[in-house]
Amino acid sequence: MHARAQGRRRLEQDLRIAIESDGLDVHYQPLVSLSTGRIVAAEALVRWHHGERGVVPPLEFIPLAEEAGLIWQLGRSVLRRACRDATAWPADVSVAVNLSPMQFRCGNVFELVKETLDETGLAPDRLEVEITESLFLERSNVVLDALADLRQLGVCIAMDDFGTGYSALGYLTSFPFDKIKIDRSFVSGIETHVEKQAVVRAIVGLGETLGKKTVAEGIETADELACLRMIGCEQGQGYLFSKARPQEALLPFIGKRKPRRVA
């Protein structure tokens, strides 16, 4: 136990140094229109290559950053990098950035986003902020006000991992979402799973009725894609289209992927 505690402290120190020295990487996974194959956005995903441990998974260092009080600095760094990189993309391609509940508790998210947009010159309507429903467990008016202000600014608000929590349906009418991201657990093997098809069809129907776009996460096979197209899902993301790429690899990929219907 003592050795594990020491190892965790060392990892925390290394993470602090990596954040302060801009030693983390940001990769981008495209979001694609399922009807045309056009790339409409790319999600920013932070990566950490540790000098001794190699690649440290986000599921390991993101919770560590939250516990150590580093999430605000980490989130600010990723947001600024993502917005700056996106200015080099075509004007019709947006960038999606995840914000954790802890970031909303640590500081003024609206001011951070506005300052970042002003600093980088990225148009507000080219930024998508992705949040999970766990953000609303405290029922805080501060959160609702921040989201409303961001939406008023022109930023798109997306609910990530939809369908995996306890009260997702209620949030669709209580908070100003523009986009619903259907969790990958409903997408995997959907072509042979009638129950999953029914769930996704219901979510897509809700999105159409409420005027919210729907995105399917984790698409890995052509059969999954065909099923989601048939159901009417608008956008998709997953290894079938592309893994997460660094900026230098994303730019030529966007250029090569002409608007067309994906086979």
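Above this text you will find the structure in question.
So, a few notes on the structure that sits alongside this text. (Residues numbered from 1 in each chain as written. Predicted model: local features only at pLDDT ≥ 70, side-chain atom pairs only at ≥ 80, totals over all residues. Heavy atoms only, no water.)

## Observations concerning the side chain of Thr 116
Here is step 1: Here Thr 116 shows up in helix H5 (residues 109-120).
Here is step 2: You can call Thr 116 buried: its relative accessible area is 1%.
Here is step 3: Setting aside its immediate chain neighbours within four residues, Thr 116 contacts Leu 79, Arg 80 and Cys 83. (Helix = DSSP H or I, 4+ residues; strand = E, 2+ residues; numbered from the N terminus. Buried < 20%, exposed > 50% of the residue type's maximum accessible area, 1.4 Å probe, protein only. Contact = heavy atoms within 4.5 Å.)

## Notes on the environment of Thr 214
Here is step 1: Along the chain, Thr 214 turns up in strand S8 (residues 213-216).
Here is step 2: Given a relative accessible area of 1%, Thr 214 falls into the buried group.

## As for unusual backbone geometry
Backbone geometry follows two general trends: most residues other than glycine have a negative phi, and most peptide bonds adopt the trans configuration.
Here is step 1: Here the phi dihedral of Asp 22 falls at roughly 60 degrees; this positive angle occurs in a residue that is not glycine.
Here is step 2: Here Asp 22 is to be found in the loop between helix H1 (2-20) and strand S1 (25-33).
Here is step 3: Using a relative accessible area of 48% as the deciding quantity, one classes Asp 22 as partly exposed.
Here is step 4: Positive phi, close to 55 degrees, is recorded for Asp 161, a residue that is not glycine.

## What about the side chain of Ser 100?
Here is step 1: Note that Ser 100 resides in the loop between strand S4 (94-98) and helix H4 (101-106).
Here is step 2: Since its relative accessible area comes to 11%, Ser 100 is described here as buried.
Here is step 3: Within polar-contact distance, the side chain of Ser 100 engages the side chain of Glu 66 at 3.5 Å.
Here is step 4: If we skip the residues at most four places from it in the chain, Ser 100 touches Glu 66 and Ile 71. (Polar contact = N/O pair within 3.5 Å; in protein donor to acceptor, adjacent residues only side chain to side chain.)

## Some points on the pairing of strand S2 (residues 39-50)
Here is step 1: Within S2, ten of the twelve residues are buried, leaving the element largely enclosed by the surrounding structure.
Here is step 2: Of the pairings in the sheet, the one linking S1 to S2 comprises eight bridges and is antiparallel in character. Following the sheet pairing, Val 32 is matched in S2 by Ile 39.
Here is step 3: Note that S2 and S4 share three bridges and pair parallel. Looking at S4, one finds that Ala 41 is bridged to Ser 94.
Here is step 4: Here three bridges tie S2 to strand S3 (residues 54-56), and the two strands are oriented antiparallel to one another. Bridge pairing links His 50 to Gly 54 in S3.
Here is step 5: The loop that links S2 with its antiparallel partner S3 comprises three residues. (Pairing = 2+ DSSP bridges.)

## Some thoughts on the pattern of salt bridges
Here is step 1: In the structure shown here, the tally under the stated rule is eleven salt bridges.
Here is step 2: For Asp 92, the salt bridge identified is with Arg 38, shortest N-O distance 3.3 Å. Residue Asp 92 is located in the loop between helix H3 (71-86) and S4, and its partner Arg 38 is located in the loop between S1 and S2; the two are separated by 54 residues in the primary sequence.
Here is step 3: The shortest N-O distance in the salt bridge between Glu 43 and Lys 181 comes to 3.2 Å. Taken together, the positions of Glu 43 in strand S2 and Lys 181 in strand S7 (residues 179-182) put the pair 138 residues apart, joining distant regions of the chain. (Salt bridge = Lys/Arg side-chain N within 4 Å of Asp/Glu carboxyl O.)

## Notes on the environment of Val 109
Here is step 1: Here Val 109 is to be found in helix H5.
Here is step 2: Residues Val 109 and Gly 37 lie 72 residues apart in sequence; the distance between their C-alpha atoms is 33 Å.
Here is step 3: With sequence-adjacent residues up to four places away left out, Val 109 is seen in contact with Trp 72, Leu 99, Gln 103, Phe 104 and Leu 150.

## Details of the packing of aromatic side chains
Here is step 1: Per the stated rule, a full pass over the model turns up two aromatic pairs.
Here is step 2: Ring geometry for Tyr 28 against Trp 89: centres 5.1 Å apart, planes inclined by 85 degrees, an arrangement best described as edge-to-face. Here Tyr 28, found in strand S1, pairs with Trp 89, found in the loop between H3 and S4; they are 61 residues apart in sequence, far enough to count as distant. By the burial criterion, Tyr 28 is buried, and Trp 89 matches it.
Here is step 3: Geometry around Phe 253 places Arg 245 over its ring, the cationic atom sitting 4.0 Å from the centre. (Phe/Tyr/Trp six-rings, centres within 6.5 Å; stacked < 30°, edge-to-face > 60°. Lys NZ or Arg CZ within 6 Å of the ring centre and 35° of its normal.)

## Side note on the environment of Leu 228
Here is step 1: Locating Leu 228 in the fold gives a position in helix H9 (residues 222-231).
Here is step 2: For the pair Leu 228 and Val 204, spaced 24 residues apart in sequence, the C-alpha to C-alpha distance is 9.7 Å.

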